[in-house]
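# Geometric and topological summary
As a plain string of letters, each chain reads:
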Amino acid sequence: MDIRAELPGKIVVKPGAKDSLPEIIESLGCTNIVVVTDRNLWSMLGRELENIFGGRGIAFSTVFAESADGNSVEAAKRTIESSNACLVLGVGGGRPIDVAKYAAFLSKRFFISFPTAISHDGFASPIVALKDPQGNPLSIFTRPPTAVVVDTDIVAQAPRRLLASGVGDIIGKVTSVADARLAMRLAGEEIPEISLVMAESAARIVLSEIDELARWSTRGIELLVQAGLLAGMAMSIAGSSRPCSGSEHLFSHALDKFVPERKSLHGEQVGVGTIIMAYLHGLEWREIREALLKVGAPTSASELGVPREKLVECVLRAGELRKRFTILDAVRLNEELVLKILRETKIVD
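Residues numbered from 1 in each chain as written. Predicted model: local features only at pLDDT ≥ 70, side-chain atom pairs only at ≥ 80, totals over all residues. Heavy atoms only, no water.

## Observations regarding the domain arrangement of the protein chain
Interface extent is often summarised as the accessible area lost during association of the parts. According to the domain assignment, the protein chain consists of domain 1 (10-156) and domain 2 (160-345). Domain 1 puts 25 residues into the contact, and the matching count from domain 2 is 30 residues. Summing both partners gives a buried area of about 2100 Å² for domain 1 against domain 2, and 69% of it is carried by carbon and sulfur. If you sort the residues of domain 1 by the area they bury against domain 2, Ile118, Asp121 and Pro137 come out on top, with a joint share of 25%. In this structure, the connection of domain 1 to domain 2 is made through 1 salt bridge. Among the ionic pairs, Lys173 bridges to Asp121, the shortest N-O distance being 2.4 Å. Inspection of the region where domain 1 meets domain 2 yields 6 residue pairs in polar contact (both at pLDDT 80 or more). When contributions to the side of domain 1 that touches domain 2 are tallied by element, the ones reaching two or more residues are strand S1 (10-14), strand S6 (127-131), strand S7 (137-141), strand S8 (147-151) and helix H5 (152-155). At 3 residues, the largest contribution of residues to the side of domain 1 that touches domain 2 is made by S7. Class assignment of the residues belonging to the side of domain 1 that touches domain 2 gives a composition of 15 nonpolar, 8 polar and 2 charged. (Domains from an automatic or database assignment. Contact = heavy atoms within 4.5 Å. Buried area = accessible area lost by both parts, 1.4 Å probe. Salt bridge = Lys/Arg side-chain N within 4 Å of Asp/Glu carboxyl O. Polar contact = N/O pair within 3.5 Å; in protein donor to acceptor, adjacent residues only side chain to side chain. Helix = DSSP H or I, 4+ residues; strand = E, 2+ residues; numbered from the N terminus. Nonpolar A, V, L, I, M, F, W, Y, C, P; charged D, E, K, R; others polar.)

In structure tokens form, the structure reads like this:
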């Protein structure tokens, strides 16, 4: 198998890491950048970043990414090109990071990822997650960040719900790796073993240290970041999201499409999906459920805000949303069997 991979050129994870940004930007020969973020985050961090950049003579333009769609990407791209910026800095959670990553890729600029919450594993990956006009998931392979800078002081202040969502997304690697190995056996897919081991290790870090994470201690935050870095690099090596996105993500995408009124987060949905898909794989779903409970992540349909009949529909239709072989292609499900699984795993009463 031919493996060729780009990985982040620089990774900084520490308290006060934001102060490293000017040095990294200057090392790339840049003095003019575009910051992609959202309005709430900018109201909290904008003044600090203005002072940090102003003190080093770094000029910047700001783009507010209100949604992770083509319009936001195009707005960022226009600003990058009109300002002649040489670097894009993504500041925030999944939406600004994805928009900044894709706009930088399309504009052939450097990209620095500066996550303020670890709500999913995209902050260090080459994958951009968008939706097409029909609401179907788009997983676009671009480039990994030129640098990843994680200020653990800032991440520690993120809402606990976002961090718990990040735990759910990382735990999802249990079933995404199981799906990948199944696809290798039954569908003849070729996937680099090292990428699967890295994704597996990311999940194991979180599961084995779940009590530390549940305390949201400094070490717990650092472990969550490290797990996210491993997952991101696994995708870079695989050349796709395959090691980190399987049937549990298809379930989450189904919720996005068929229950648009729900208020649940991506990682929350992936966590519940992982319980279901672990059951189908014959894996230890109880350990997964217990870990999610410990960090306060949802483990039931009611906590996701999804009616029982809609949840059943999403399990049955998840496999329609993407051509990717998973456990959903290897088992025959019907409404009665899905209800039995959901009751046994305590996802529904």
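## So, the sheet that holds strand S2 (residues 32-37)
Spatial strand order, S1-S8-S5-S4-S2-S3: 6 strands in an open sheet with parallel pairing. Looking at which strands have only one partner, the edges of the open sheet turn out to be S1 and strand S3 (59-64). Adjacent strand axes in the sheet meet at a mean angle of 15° when their direction is disregarded. The sheet strands contacting helix H3 (residues 70-83) are S2, S3 and strand S4 (87-92), and the helix crosses S2 at an angle near 165°. (Pairing = 2+ DSSP bridges. Axes fitted to C-alpha atoms, helices over the stretch in contact; angles between N-to-C directions.)

## Brief notes about the state of the cysteines
As enumerated under the stated definition, the model contains 1 disulfide in all. Linked covalently through their sulfurs, Cys30 and Cys86 form a disulfide whose S-S length is 2.1 Å. Placement of Cys30 in the loop between helix H1 (21-27) and S2 and of Cys86 in the loop between H3 and S4 is noted, with a sequence separation of 56 residues between them. Take Cys30: its relative accessible area is 1%, and that puts it in the buried class. By relative accessible area, Cys86 is classed as partly exposed at 25%. (Disulfide = S-S within 2.5 Å. Buried < 20%, exposed > 50% of the residue type's maximum accessible area, 1.4 Å probe, protein only.)

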